[in-house]
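Structural overview
As a plain string of letters, each chain reads:
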Amino acid sequence: MQPDVVIVGGGVIGASIAYHLAARGVHDVVVIDRAPQPGAGSTSRATGGFRAQFSTEVNVRLSLLSREKLLRFQDEIGADPGFAQHGYLFLARSNAAIDALRLAQNVQHNCGLRDAQMIAANDARKINPAIGDDSIIGAAWCPSDGFIRAMQILHGYIAAATRLGVRFVYGSDAAPQSRIVVNARGAWANNGVRPLRRQVATTIPTNVLPQSMPMTIWIDNGFHFRVRDDRVLLLWPDERPYGFDISVDDAWIDRVASMTRARVPILRDVPIDREKCWAGLYEMTPDKHPLIGWLDERTFIAAGASGHGVMHAPAIGEVAAQMIAGEKTTIDVHALRPSRFEEGEAIVGSVLL
């Protein structure tokens, strides 16, 4: 007997959809993933940031729903999502950047994210004393943003879905016939989704910065850093051609090291551990927002989160399951319909927010 729903792609979004379908009584669900084990795609390569500071309403609402679900994840799912609300700090070097942050914050406040605030440069340095850039003129700060553990969320959803009767099949591309097929293949989803490499440089183990340091981001070029597992992760979204290459460039590491020395002086004498650097794939859509909706009468897509898949997985899983089950969605995701591009209604937001 054929399953009711087959989900192709067993990363964190596919697993979340599976759980949320099963929780609604859709028990005949099969998740197919060509990888030999969970997390072999993009999920395990995530750096684990979580924020609600976005510039578009739909992204803010996805974050707020995900945050609500993460706060009760242990009780609902039975696993620790590693959610630590240490905050996100966006730094501005120009009046144009201040204006962009302020416009985004108006959207955030209208969606109910009341603790996001504009702060002075000196206050930003009090929050994160490691900032050594004298050109900072202001910042945006939200203390309820923070960090999550991607693989703990993935394994939590897999275990909870399995308890409800969902079957996970690894090492296979063969999807059985079913009433509905869900494309949750991330960077491999096609349908306008393209893979984009993002590299991560990591220092040797160090205690020069606290684990509780907020994610700190320079809005001018996207350079940011955080502490994870006693190492500092250094990130910068260089412009690369689209593709599936996940090698790490030595030249990119050198550029990041140079930026780090200039902007975070306390790390000048902390070496980068080149053997531990890695890269992963963002699943990009033309407007950097996910595709959530029907491609045809039996094919649903939930992909293209454009770098925000892990943080939005709890919300995407819920609304996708609601749509597949024919229910009203918790939040309005009409703006994310796959047909929006051909309809001339791509979402417009800040490049970095």
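Up top is the structure.
Reading the values: the criteria
- Residues numbered from 1 in each chain as written.
- Predicted model: local features only at pLDDT ≥ 70, side-chain atom pairs only at ≥ 80, totals over all residues.
- Heavy atoms only, no water.
- Helix = DSSP H or I, 4+ residues; strand = E, 2+ residues; numbered from the N terminus.
- Contact = heavy atoms within 4.5 Å.
- Pairing = 2+ DSSP bridges.
- Axes fitted to C-alpha atoms, helices over the stretch in contact; angles between N-to-C directions.
- Core = buried A, V, L, I, M, F, W, Y, C linked by side-chain atoms within 4.5 Å.
- Buried < 20%, exposed > 50% of the residue type's maximum accessible area, 1.4 Å probe, protein only.
- Expected span 1.5 Å × (residues − 1).
- Arc of directions from axis to C-beta.
- Right-handed = clockwise from strand over helix to strand, strands pointing away.
- Parallel < 35°, antiparallel > 145°, perpendicular 65-115°, else oblique.
- Nonpolar A, V, L, I, M, F, W, Y, C, P; charged D, E, K, R; others polar.
- Phe/Tyr/Trp six-rings, centres within 6.5 Å; stacked < 30°, edge-to-face > 60°.
- Lys NZ or Arg CZ within 6 Å of the ring centre and 35° of its normal.

By the element assignment, D273 lies in the loop between α7 (250-263) and β14 (278-284). Those residues in contact with D273, other than ones at most four positions away along the chain, are T202, T203, I204 and R231.

This part is about the sheet that holds strand β5 (residues 117-120). Spatially, β5-β6-β4-β11-β12-β13-β10-β14 is the arrangement adopted by the 8 strands of the open sheet, whose pairing is mixed. Only two strands of the sheet have a single partner each, and these edge strands are β5 and β14. Shown here is a sheet whose adjacent strand axes are inclined to one another by a mean of 25°, direction ignored. In this sheet, strand β6 (residues 138-142) lies alongside strand β4 (residues 88-92) in antiparallel orientation, the contact comprising 5 bridges. Each residue of the ladder has a partner; that of Y88, found in β6, is C142. Across the face of the sheet, α7 comes into contact with β10 (194-202), β11 (215-218) and β13 (231-235) while running at roughly 55° to β10.

Attention now moves to the nonpolar core. One recurring pattern in soluble globular proteins is that nonpolar side chains are buried together. If you look at the biggest cluster of nonpolar residues, it comprises 61 residues, and the most contacted ones within it are I7, I17 and L21. With 9 residues, helix α8 (residues 309-324) is the largest single contributor of residues to this core. Among all residues touching I17, those that are not within four sequence positions of it are I7, V182, A302, I316, G317, A320, A321 and I324. If you look at the next biggest cluster of nonpolar residues, it comprises 28 residues, including I119, A201, L234 and V256.

For the α-helix, the turn length of 3.6 residues means that residues three or four positions removed from each other point alike. With 14 residues, α7 should reach 20 Å at 1.5 Å per residue; the first-to-last C-alpha distance of 20 Å fits that figure. Looking at α7, one finds that the buried residues are W252, I253, V256, A257, M259, T260 and R263. Buried residues along α7 cover an arc of 165° about the axis, so they all sit on one side. Away from the buried face of α7 by more than 90 degrees, exposed residues D250 and A251 are located.

Of all 5 residues in strand β2 (residues 29-33), 5 are buried; the element is thus mostly enclosed. The alternating pattern of β2 places V29, V31 and D33 on one face and V30 and I32 on the opposite face, and all of these are buried. Pairing of strand β1 (residues 5-8) with β2, which is carried by 4 bridges, proceeds in the parallel orientation. Across the sheet, the residue bridging to V6 is V30, located in β2. Taken together, β1, helix α1 (residues 12-23) and β2 constitute a β-α-β crossover, and its handedness is right-handed. Relative to strand β8 (residues 167-170), β2 is paired through 4 bridges, and the arrangement is parallel. Directly across from D33, in β8, lies its bridge partner Y170.

One can describe the packing of helix α2 (residues 57-71) onto α8 by two numbers: an axis separation of 7 Å at closest approach and a directional angle of 95°. Put simply, α2 runs roughly perpendicular to α8. Together, N59, L62, S63, L65, S66, K69 and L70 of α2 and M311, H312, A313, P314, A315, I316, E318 and V319 of α8 make up the contact between the two elements. Split by residue class, the contact of α2 with α8 holds 9 nonpolar, 4 polar and 2 charged.

By secondary structure assignment, the location of H27 is in the loop between α1 and β2. A residue is classified by how much of its surface remains accessible, and H27, at 42% relative accessible area, is partly exposed. For the pair H27 and T299, spaced 272 residues apart in the sequence, the C-alpha separation amounts to 18 Å. In this structure H27 touches A22, L164, G165 and V166, once residues within four positions along its chain are discounted.

Under the defined criterion, the tally for this structure stands at 10 aromatic pairs. Ring plane angle 70° and centroid distance 5.2 Å describe the contact between F50 and F83, whose orientation is recorded as edge-to-face. One end of the pair, F50, is in strand β3 (residues 49-50); the other, F83, is in the loop between α3 (73-77) and β4, and 33 residues separate them in sequence. This pair shows no difference in class: F50 is buried, exactly as F83 is. Taking the centre distance of 6.4 Å and the plane angle of 15° together, the rings of F168 and Y170 count as stacked. Given a relative accessible area of 16%, F168 falls into the buried group. In textbook terms, an aromatic cluster arises when at least three aromatic residues are bridged by ring pairs, as seen for Y19, F73 and Y157. A cation over an aromatic ring shows up here: R194 above the ring of Y242, its NZ or CZ 3.6 Å from the ring centre.

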